Amino acid sequence: MDTSTEPKDLRTYLAIVARRRGWLIATITAGMVATLLLAFLLPPRYRSAGTVLIEQQEMPTDLVRSTVTSYADERVQVISRRVMTTETLLDIIRRYNLYPRQRARETREALLKRMRDDIGLKMISADVIDPRSGRPTSATIAFEVSYTGRSPDLAARVANELTTLYLNENLTNRTQVAREATDFLRSEGDRINKQIADLEVKLEEFKKKNYDSLPEVTQLDMQMLDRTQQQLLEAQERLTSLEQQRVYLQAQLAQLKPNSTLFSDTGERILSSRDRLKMLRSQLAAARAKYAPDYPDVVNLQREVDGLEREVGDTPSITNDLRRDLEDAQGRLAQAQKRYAPDHPDLARLKREVSSLQAQLAASERAPPVAAALASTSAGAGTSTNSGESDPTATNPAATEPDNPAYIEVKAQVSATLNDIKSQSDELAKLQAQVEHYQRDLSLAPSVEKEYRDLMRDYDNAHAKYEEIRSKQVEARTAQDLEANRQGERFTLIDPPLAPQEPVSPNRPLIFAAGLILSLALAAAVLWLLEKIDTTIRTRGDLLRVIGIPPLALVPHIGTERERRAARLRRQVATAGAVASLCIAIVLVHFLYQPLDVLWFSWARRLGF
Amino acid sequence: MDRIRQALDLARKQRSSASGDETGGSTQHSSPAGEAEVGLAERVAVRREFTPAPIEPFKRLPLDWRELRERRIVPPDDDRSVVHAYRMLRTQVLQRARVHNLSTLGIISAAHGEGKTLTAINLALSLAAEPNQTVLLIDLDLRRPSIGRTLGLPVERGLEAWFAGTARIEEVWYGIEGVERLFVLPTLTPVPHSSEALAHAGTRRMLADLKERDPGRLLIVDLPPALLCDDALTISPQLDAVVLVVTEGRTRREDVSRVLELFGKTRVIGTVLNRSSESERRAY
C-alpha cells in the first residue's frame, strides 16, 4: 500500500522521530564525531600578510612627468606575474622548506599550484572622485601580500620574502622602464643627429655645385644680366660709331697726300728728286705708251730716271708710289662703280688701269726683294702709293716716309680708331659671353630650386625632430632621476608581515555548524530512507487502509515490571557512565591538553564572545 | 462486586477441593455459579434443555499472577490502561458474536511473534470476566504450542495426548483458579504432522462437540501464523470467524493483505493492533 496518501501532520513526524530515535541519535552522533575529528585534526594554518601602500608621486606631475604611466593595480598585477614565476616560487619552497611532505610525492606543478593558492594578493581600493573626469571611481591605494602556512613563523617569513620581492621588483621595473625610455630617446636623437649631418653635407655639396643657380643668387643674376645687356648695347653702339669714324677717317686719309709739297719763291713748285723721279717715271710711262722704246725722248727720260733712281736709291718708294696710284685708281674705280653702270667705258678703263698698276706693283716688289721688303715694312700697312714703275734712284728710305702732317694725323687717328674697334669688339664678345652665362644660369634655376627646397625641407624636418627629441630626452632624463631618487610613485611597506598568533583555518565554529547541519540532514535522510523501506503497519490508519475496517482494539505495549526495572537500571548506568566519562574527559583535557581556565578563555575568544 | 467474586471464589474452591477428588460424583461446574446469579441460572437452564450437561471432570489450576504479569498477561482485575483496551476488544467481539451467532473464534497473525497467544489469553481472560460468559481457550498452534507454557500450567498432558489418542478430551480440560468461567485446552508439546492432524475428521468432530456442549460458550482458538504454514487455513472452515492480530512496527502491510486474501474478508471480523503507540484511552 502506498504511504503517500497518508496525511502527514506534525504528530506523524514526531512519531517517526520517536520510533527511530535510535537511528537518529546514532546518525547525529556519528556526524558530530566526524565533525569534531575534522575540526580538531585539521592542521591549523596561519596567514601572515603585509600591506604595501602605493604612494603617488609627490612632486607635481606638471613639473616632472614620470615615464612610467601604467596604472598602479595593473602594475601590481604585472609584478605579481613576475614574482610568481616557477623559478622564484620553487626557490622559496626550497629555501623555506615548504610542504616537506608533499614535496616527496607531488609533482612540481602540484606544488606550484599549492604555493600559488597559499599566496594571496588583495587590492585595497578606496572610492575617490577622479579629479579629471569628476566621476566617482575606485582607486587602488594599497595591496596586501599574504602567505598561508603551517606555522606562524614560517608564514611570516615567507610573506616577508614575498613582500620584499614585490617591492624590489617594482623598483627595478620602474627604473628600468625610465632608463629604457631615456636610452631610446638618446639613440633616436643620435640617429637624427647623424641624419642632419648627412643632410648638411649633401646640402653643402649641392650648393657648391649649383651656386649660380641657387634661388638666393637668381635675383643678382637677373640684375647682372640686365646690366650686362645694357653694357652690351652700349658697346655695340660705340662700335658702330667707331666704325663710322674709321670709314670717315679712311676716306679723309685717302684724300690726303702722304708727302707735303715744296714751293719755291716764284711760287713754283720745287720738286724733290723723288718727285722728279716720279714725274719722270710717269712721263716715261706716258712716253713709252706713246713712243717706241728707242725714241730719243724715251731714252732721255730713261737716263734721267736711272740717274734719279741712283740718286734716290730707293726702290721701295717706287712701290709706294705704285701703291698710292693703285689706291687712287681703286678709289676712283669705287666711286665710278657707284656712279656708273658696270659696262661704262670709264669703268672699263679704270679697271684696266688698276690691273696694270697691280701688275707693276707686283713686278716692282719682286725685282728687289730685300729692299722692297724693307720698304714695305717701314712704310706702314694698308697704305699704298700711287706709283708707276719702281724708281731705282729712290734709295733713301726716309725719303719715302709720309711727311704730310695732316696725313700723319689722320693716319694716326685711323689707327687709334682701329685699336678702339678691336678692343670694343673684344669687350662685346666678353659681354655676350657673360649674357649667355647668366641666361643659362637662370634657365637652370627652377629645377635647382626644387631640388634645393627638397633638401632644405628635409633638413628643416630633421632639425625640428631633433629639437623635439632633445627636449623629450631631457624630460626623460629628469624622470629617470626621479625614479632613481624614488621620488616617483612608490610602494611603501606600511604593515610588515608579522607572525600571526591565531590560525586562520580551520574555522572550527563554521565546521561545527556545518557538521551539525549536515548531521541533521543526514539523520533526516536516514529516517526518510528507513520510512521508505519499512512497509510495516504503523498506525491504525495504515491498518484501516489495508483492510477497510478499523481495528477492534488498540493494545498499547504491555510493560512488565522486569522491563521497567531494566530500563531504570539502564538509565542509571548510562547517566553514571556519561557523568563519569565527562569527568574523565575534563580531567584528561586539563592535565594532558591545556588547563581548563586557559582553554575556556581561548575558546570563548575563538567563538567570538 | 469484587467482594462477591472473592466470596464466590472461596466457596468454589472449597467445593472443588471437596468434589475434585471424588471424580464420579462431581457436579457440573457452572451450576453453583448459575445459582449465585439469577441471569446465569436462567441461561444454564436453557442450555441444559439443548444439551445434557456432561459431567466434565476437570482440574482447576492455580496461576501465579505475579509471574503472569511478567509475561504480559493482563489479569481481569488489573488497573493498568491496557485492561481497557482488552475490554474494548472483548465488548466488540461479544457484540459481533451475538449479532452473527459466532461461537468459535480463531486468533491468527501473519507471522510469528506478533502476540497471538498473548491476545488469545488476554481476550479469553477479559471475556471470562464478563458475567454469564464462559470461555474455552484452545491451543491449536500445534507446531509451537505456547498457551500452557505462557500460563505456566502445572499439567502433564495436553491436546497432544488427545491427538495421540492417549487421552480423552476431558482429561486435558482444565479450569483456572480464580477465573471460573475460563477453561483451557492447552497443548504442551508440538504435534507432528500438525496440518494432517488438524484436517482430520476427529478434530472437526471434537470442535463441533465442544461447541455443542455449551452453545453459549465462546471458543477462543490460538492458531499458528497464517502465512508460515497452512494449519490455520486448514482449520479455518471449522471456525466461525478469525481475529487478526497485527503488531505495530512489525507486521507488514502486504502480509495483512495476503491474510485477507487467504481467509476472505468476511471471515475476519476484526483486527487487534498490538503495541500501538496511539492509545484510544487516555487518562480516564
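Residues numbered from 1 in each chain as written. Chains lettered and ligands numbered in written order. Predicted model: local features only at pLDDT ≥ 70, side-chain atom pairs only at ≥ 80, totals over all residues.

Participant: Run through the overall build of chain A, naming residues and quoting values.
Facilitator: Helix and strand counts for chain A come out as 19 helices and seven strands. Buried residues in chain A amount to 22% of all 609 residues. (Helix = DSSP H or I, 4+ residues; strand = E, 2+ residues; numbered from the N terminus. Buried ≥ 20, exposed ≤ 12 C-beta atoms within 10 Å, placed from the backbone.)

Participant: Please set out the overall build of chain B residue by residue, giving values where relevant.
Facilitator: When you go through chain B residue by residue, the secondary structure sums to 12 helices and eight strands. Burial statistics for chain B: of 284 residues in total, 40% are counted as buried. Long-range pairs, those at least 24 residues apart, make up 80% of the contacts in chain B with a sequence separation of at least 6. (Contact = placed C-beta atoms within 7 Å.)

Participant: Give a detailed account of the sheet that holds strand 6 (residues 490-495) of chain A, specifying residues and quantitative values.
Facilitator: Residues and elements named next belong to chain A. Overall, antiparallel pairing links the four strands, which are arranged 2-3-1-6 in an open sheet. Looking at which strands have only one partner, the edges of the open sheet turn out to be strand 2 (119-129) and strand 6. If you compare each strand with its neighbour and ignore which way they point, the axes differ by 30° on average. Pairing geometry for strand 1 (residues 46-55) and strand 6, over five bridges, is antiparallel. Its bridge partner lying in strand 6, E55 is registered against R490. Across the sheet, helix 3 (residues 72-83) is in contact with strand 1, strand 2 and strand 3 (136-149); its angle to strand 3 comes to roughly 25°. (Pairing = 2+ DSSP bridges. Axes fitted to C-alpha atoms, helices over the stretch in contact; angles between N-to-C directions.)

Participant: Talk me through the interface of chain B and chain A; I want residue IDs and the actual numbers.
Facilitator: Listed per partner, the contact involves 34 residues of chain B and 25 residues of chain A. Put simply, the parts of the chain that give the side of chain B that touches chain A at least two residues each are helix 4 (65-70), helix 5 (81-100), helix 12 (253-263) and strand 8 (268-276) of chain B. In terms of residues, the side of chain B that touches chain A owes the most to one element, helix 5 of chain B, which gives eight residues. Residues of the side of chain B that touches chain A, tallied by class, amount to 12 nonpolar, 11 polar and 11 charged. Here strand 7 (residues 553-556) of chain A pairs with strand 8 of chain B via three bridges, running parallel. (Nonpolar A, V, L, I, M, F, W, Y, C, P; charged D, E, K, R; others polar.)

Participant: Please set out the confidence of the model for chain B residue by residue, giving values where relevant.
Facilitator: Residues and elements named next belong to chain B. Residues with a pLDDT of 70 or more make up 81% of chain B, whose mean pLDDT is 81. Contacts for the low-pLDDT stretch residues 18-55, under 50 throughout, to residues beyond four places or in other chains number 39 contacts. Per the prediction output, this complex has pTM 0.51; the corresponding ipTM is 0.74. (pLDDT = per-residue confidence, 0-100.)

Participant: Describe in detail the sheet that holds strand 6 (residues 218-222) of chain B, supporting the description with residues and values.
Facilitator: The sheet built from nine strands is open, its strands ordered 7(A)-8(B)-7(B)-2(B)-6(B)-3(B)-5(B)-4(B)-1(B) with mixed pairing. Looking at the sheet topology across the chains shown, the edges are occupied by strand 7 of chain A together with strand 1 (59-61) of chain B. Each strand axis lies, on average, 25° off the axis of its neighbour in the sheet, ignoring direction. The pairing of strand 1 of chain B with strand 4 (residues 174-176) of chain B spans three bridges and is classified as parallel. Its bridge partner lying in strand 4 of chain B, B:L61 is registered against B:I176. Across the sheet, helix 17 (residues 540-547) of chain A touches strand 7 of chain A together with strand 7 (241-247) and strand 8 of chain B, and the angle it forms with strand 8 of chain B is around 155°. Packed on one face of the sheet, helix 12 of chain B meets strand 2 (104-109), strand 7 and strand 8 of chain B and runs near 170° to strand 7 of chain B.

Participant: How would you explain the environment of A:L428 if you had to name every residue and give the values?
Facilitator: Residues and elements named next belong to chain A. Take L428: it is sitting in helix 15 (residues 405-484). C-alpha separation for the pair L428 and T228, spaced 200 residues apart in sequence, amounts to 10.0 Å. Beyond its immediate chain neighbours, meaning those up to four positions away, L428 contacts L232, A235, Q236 and L239.

Participant: So, the confidence of the model for chain A: which residues are in play, and what are the values?
Facilitator: Residues and elements named next belong to chain A. The pLDDT averaged across chain A works out to 81; a share of 87% of its residues lies at or above 70. Ranking the helices and strands of chain A by mean pLDDT puts helix 18 (residues 561-593) first, with 92, and helix 13 (residues 369-379) last, with 45. This model gives residues 369-399 a pLDDT under 50, and the stretch forms 109 contacts once residues within four places in sequence are excluded.

Participant: Can you tell me about the pairing of strand 2 of chain B, naming the residues and giving the values?
Facilitator: Regular strands show a simple pattern: their side chains alternate between the two faces of the sheet. Residue and element names in this part refer to chain B. Taken across its six residues, strand 2 has six buried, putting it largely inside the fold. The side-chain alternation of strand 2 yields two buried faces, one formed by T104, G106 and I108 and the other by L105, I107 and S109. Alignment of strand 2 against strand 6, held across four bridges, turns out to be parallel. Bridge pairing links I107 to D222 in strand 6. Sheet analysis places strand 2 next to strand 7, joined by five bridges and oriented parallel. Paired with L105 across the strands is A241, a residue of strand 7.

Participant: Residues and numbers for helix 5 of chain B, please.
Facilitator: With 20 residues, helix 5 of chain B extends 29 Å from end C-alpha to end C-alpha; this agrees with the ideal 28 Å at 1.5 Å per step. Structurally, helix 5 of chain B contributes buried residues whose contacts are with strand 7 of chain A together with strand 2, helix 6 (116-129) and strand 8 of chain B. Just past helix 5 of chain B, the residue B:N101 takes up positive phi, approximately 55°. (Expected span 1.5 Å × (residues − 1).)

Participant: Residues and numbers for helix 17 of chain A, please.
Facilitator: What helix 17 of chain A keeps buried is the set A:R540, A:D542, A:L543, A:V546 and A:I547. Across the axial projection of helix 17 of chain A, the buried residues extend over an arc of 155°, all falling on one side. In this structure, the buried residues of helix 17 of chain A make contact with strand 7 of chain A together with strand 7, helix 12 and strand 8 of chain B. Note on helix 17 of chain A: the residue one or two positions beyond its end, A:G548, has a positive phi of about 85°. (Arc of directions from axis to C-beta.)

Participant: Give a detailed account of the packing of helix 7 (residues 152-209) of chain A against helix 15 of chain A, specifying residues and quantitative values.
Facilitator: Residue and element names in this part refer to chain A. Packing of helix 7 against helix 15 brings their axes to within 8 Å, and their N-to-C directions diverge by 160°. On the basis of the axis angle, helix 7 is roughly antiparallel to helix 15. Here the hand of the crossing between helix 7 and helix 15 comes out left-handed. Looking at the contact of helix 7 with helix 15 residue by residue, the classes come out as 17 nonpolar, eight polar and 12 charged. (Parallel < 35°, antiparallel > 145°, perpendicular 65-115°, else oblique. Left-handed = near helix turned anticlockwise from the far one by under 90°.)

Participant: An account of the environment of A:W528 is requested, with residue identities and associated values reported.
Facilitator: Assignment of secondary structure puts A:W528 in helix 16 (residues 508-533). It is 9.3 Å that separates the C-alpha atoms of A:W528 and A:I16, two residues lying 512 residues apart in sequence.

Participant: How would you sum up unusual backbone geometry? Please name residues and give values.
Facilitator: One non-glycine residue with positive phi stands out, namely A:N97, at about 55°. Position of A:N97 relative to the elements: it lies in the loop between helix 4 (86-96) and helix 5 (100-105).

Participant: Kindly report on the packing of helix 4 of chain A against helix 6 (residues 108-118) of chain A, identifying the contributing residues and their values.
Facilitator: Residue and element names in this part refer to chain A. One way to put it is that helix 4 packs onto helix 6 with a least axis distance of 10 Å and a crossing angle of 85°. Taken together, the axes of helix 4 and helix 6 lie roughly perpendicular to each other. For the pair helix 4 and helix 6, the contacting residues are T86, L89 and I93 in the first and L111, L112 and M115 in the second. Looking at the contact of helix 4 with helix 6, its residues break down into five nonpolar, one polar and no charged.

Participant: Please give an account of the nonpolar core that cites residues and values.
Facilitator: Grouped together as the largest cluster of nonpolar side chains are 76 residues, with contacts concentrated most on B:A124, B:L137, B:L182 and B:I220. By residue number, the principal contributor to this core is helix 6 of chain B, which donates nine residues. Sequence-distant contacts of B:I220, defined by excluding residues within four places in its chain, comprise B:L105, B:I107, B:A120, B:L123, B:A124, B:V135 and B:L137. With 22 residues, the next largest nonpolar core counts A:Y46, A:I79, A:V83 and A:L162 among its residues. (Core = buried A, V, L, I, M, F, W, Y, C linked by C-beta atoms within 7 Å.)

Participant: Before we move on, could you go through the environment of A:G541 and cite the residues and values that matter?
Facilitator: All names here are of chain A. Mapping G541 onto the fold places it in helix 17. A residue is classified by how many C-beta atoms lie within 10 Å of it, and G541, with 15 of them, is partly exposed. Taking the C-alpha atoms as reference points, G541 and P551, 10 residues apart in sequence, are found 9.3 Å from one another.

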